[in-house]
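Now for the letters of each chain:
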Amino acid sequence: MSRKHNWHRQSDLFFVALGFFTRIPMPSWVEVDGDKLNQASRYFGLVGLCIGLCCASVFWLSQLWLPAGVAVLLAMIAGVLLTGGFHEDGLADTADGFGGGWGVAAKLSIMKDSRLGTYGALALVLALLLKWQLLVELALYAPMVAVWALVLGHCLSRVLAASIIFTETYVRDDDSSKSRPLAQTQGIDELLILLATGLLLLLCLKGVVAFALLIALWLIRCLLVALFRRQIGGYTGDTLGAAQQLAELGCYLVLLAMGNAL
């Protein structure tokens, strides 16, 4: 394969990942199929980095004239507008399914229901409130800490969520035709590139902070995988969205707990 052909191939995969995770339209020349979607998982962390940079930019510019709480809210709104609330929807659906269903089939059916239930509403509201509070506290500590938190949180959480594809089984129900296409397999090349994105970002931090984030995210991943296996025997797009949201919150919690080490 020539370098030029490989470059076009990689750019196509990045645009597939970008189009899958955001509302940014893919270039017209990019054709999407199952193989490309599976391989595009290598760039899910990079897409998270781009989203984090956009949100961080909104926060940084806003905090120059507005209170920290308002600037954080605007950054969160920017993230939702960029992604269409893709991951937040996954968190709500997962909470509804796990909380309201008794068997695997019932849980999957509830998760596919477009209506928002009590468990989903509670999970969504509490997660957004906690995210806002954590980011405000980080911003009051120092605006640049909140900037770094947004970049790290969006990138590392997507690395964690996408890595679940490598080890776990994709679960579908009989009505899968209504589901949004999803990466269902992940090769070792995709996993290594995905992990490299997160590790390169961690190298920009102080050693103790990077180590704390690495350990925390590993523990969060282990707990989530155990939960998903127990509840439905694997993962769905909704559970990956829930994993992203919870991992993002985990990043903010660790950064706030590190305090003076930042």
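Residues numbered from 1 in each chain as written. Predicted model: local features only at pLDDT ≥ 70, side-chain atom pairs only at ≥ 80, totals over all residues. Heavy atoms only, no water.

### Structural notes on the overall build of the chain
The following threshold applies: A run of H or I in DSSP counts as a helix once it spans at least four residues, and a run of E counts as a strand once it spans at least two, with each numbered from the N terminus. Atoms counted for the radius of gyration: C-alpha only. Globule rule: 2.2 Å times residue count to the power 0.38. Each residue is placed in one exposure class: buried if its accessible area under a 1.4 Å probe, protein chains only, is under 20% of its type's maximum, exposed if it is over 50%, and partly exposed if it falls in between. Residue contacts follow a heavy-atom distance rule, with two residues in contact if any of their heavy atoms lie within 4.5 Å. Using a 1.4 Å probe, accessible areas were evaluated by the Shrake-Rupley method; residue-level cover was limited to the displayed protein chains. We treat Lys and Arg as the positive residues and Asp and Glu as the negative residues; His and chain ends play no part in the count. By convention, charge coordinates are those of NZ in Lys, CZ in Arg, CG in Asp, or CD in Glu.
Within the chain one finds eleven helices and zero strands. Relative to the compact-globule value of 18 Å for 262 residues, the chain shows a C-alpha radius of gyration of 18 Å, a close match. Projected onto its principal axes, the C-alpha positions of the chain cover 55 × 50 × 35 Å. Residues counted as buried form 51% of the 262 residues belonging to the chain. Long-range pairs, those at least 24 residues apart, make up 77% of the contacts in the chain between residues at least 6 apart in sequence. Accessible surface, the chain as shown: approximately 12,900 Å² in total, 67% of it carbon and sulfur. Seen as two clouds, the 18 positive and the 18 negative side-chain charges of the chain have centres 4 Å apart.

### Quick word on the packing of aromatic side chains
Stated precisely, the cut-off is as follows: Two aromatic rings, drawn from Phe, Tyr or Trp (for Trp, its six-membered ring), form a pair once their centres lie within 6.5 Å of each other, and the interplanar angle then sorts them: stacked below 30 degrees, edge-to-face above 60, tilted otherwise.
Using the criterion set out here, one finds four aromatic pairs in the structure. Their ring planes at 75° and their centres at 6.3 Å tell us that Phe 14 and Tyr 43 sit as a pair that is edge-to-face. In this pair, Phe 14 sits in helix α1 (residues 3-21) while Tyr 43 sits in the loop between α2 (34-39) and α3 (44-63), placing the two residues 29 residues apart along the sequence. A residue is classified by how much of its surface remains accessible, and Phe 14, at 19% relative accessible area, is buried. Residue Tyr 43 is classed as buried on the basis of its relative accessible area of 14%. Here a set of aromatic residues connected by ring pairs shows up, and it is made of Phe 14, Phe 15 and Tyr 43.

### Looking at the packing of helix α5 (residues 86-100) against helix α7 (residues 118-141)
Note the threshold: All axes here are fitted lines through C-alpha atoms, helices being fitted over the stretch that makes contact, and every angle between N-to-C directions spans 0 to 180 degrees. Note on terminology: angles under 35 degrees are roughly parallel, angles over 145 are roughly antiparallel, angles of 65 to 115 are roughly perpendicular, and the others are oblique. The crossing is said to be left-handed when, going from far helix to near helix, the turn is anticlockwise and less than a right angle, and right-handed when the turn is clockwise.
For the pair α5 and α7, the least separation of the axes is 7 Å and the interaxial angle reads 135°. One finds that α5 runs oblique with respect to α7. As α5 runs across α7, the sense of the crossing is right-handed. Together, Glu 88, Leu 91, Ala 92, Ala 95, Asp 96, Gly 99 and Gly 100 of α5 and Thr 118, Tyr 119, Gly 120, Ala 123, Leu 124, Ala 127, Leu 128 and Lys 131 of α7 make up the contact between the two elements.

### Digging into the nonpolar core
What counts, and what does not: Working definition of a nonpolar core: buried Ala, Val, Leu, Ile, Met, Phe, Trp, Tyr and Cys residues. They are joined through side-chain atoms within 4.5 Å.
Grouped together as the largest cluster of nonpolar side chains are 74 residues, with contacts concentrated most on Phe 44, Phe 59 and Leu 213. Looking at which element gives the most residues to this core, the answer is helix α8 (residues 143-167), with 15 residues. In this view, Phe 59 contacts Ala 68, Ala 71, Val 72, Ala 75, Ala 139, Pro 143, Ala 146, Val 147 and Leu 150; residues no more than four positions away in its chain are not counted.

### Details of a nonpolar patch on the surface
Our working definition: A patch is a set of surface residues, each over 30% in relative accessible area and not in a salt bridge, joined within 9 Å for like charges and within 5 Å for the nonpolar side chains Val, Leu, Ile, Met, Phe, Trp and Tyr. Salt-bridge detection follows one rule: a side-chain nitrogen of Lys or Arg within 4 Å of a carboxyl oxygen of Asp or Glu.
On the surface, Trp 60, Leu 61, Leu 64, Trp 65, Leu 66, Val 70, Leu 73, Leu 74, Ile 77, Leu 81, Met 144 and Trp 148 cluster together into a nonpolar patch covering about 1,200 Å² of accessible area. The set of elements that each furnish at least two residues to the nonpolar patch consists of α3, α4 (68-83) and α8. Mapped onto the elements, Leu 81 comes out in helix α4. Residue class for Leu 81 comes out exposed when judged on its relative accessible area of 63%.

### A look at the pattern of salt bridges
Going through the model one piece at a time under the given rule, you end up with three salt bridges. For Glu 248, the salt bridge identified is with Lys 131, shortest N-O distance 3.5 Å. Residue Glu 248 is located in helix α11 (residues 237-258), and its partner Lys 131 is located in helix α7; the two are separated by 117 residues in the primary sequence. Accessibility expressed as a relative area gives 5% for Lys 131, which makes it buried. Salt-bridge contacts for Glu 168 lead to Arg 229; the nearest nitrogen and oxygen are separated by 2.7 Å. With Glu 168 in the loop between α8 and α9 (188-202) and Arg 229 in helix α10 (residues 207-232), this pair connects stretches of sequence that are 61 residues apart. For Glu 168, a relative accessible area of 11% puts it in the buried group.

By themselves, these figures tell us nothing about what the structure is for.
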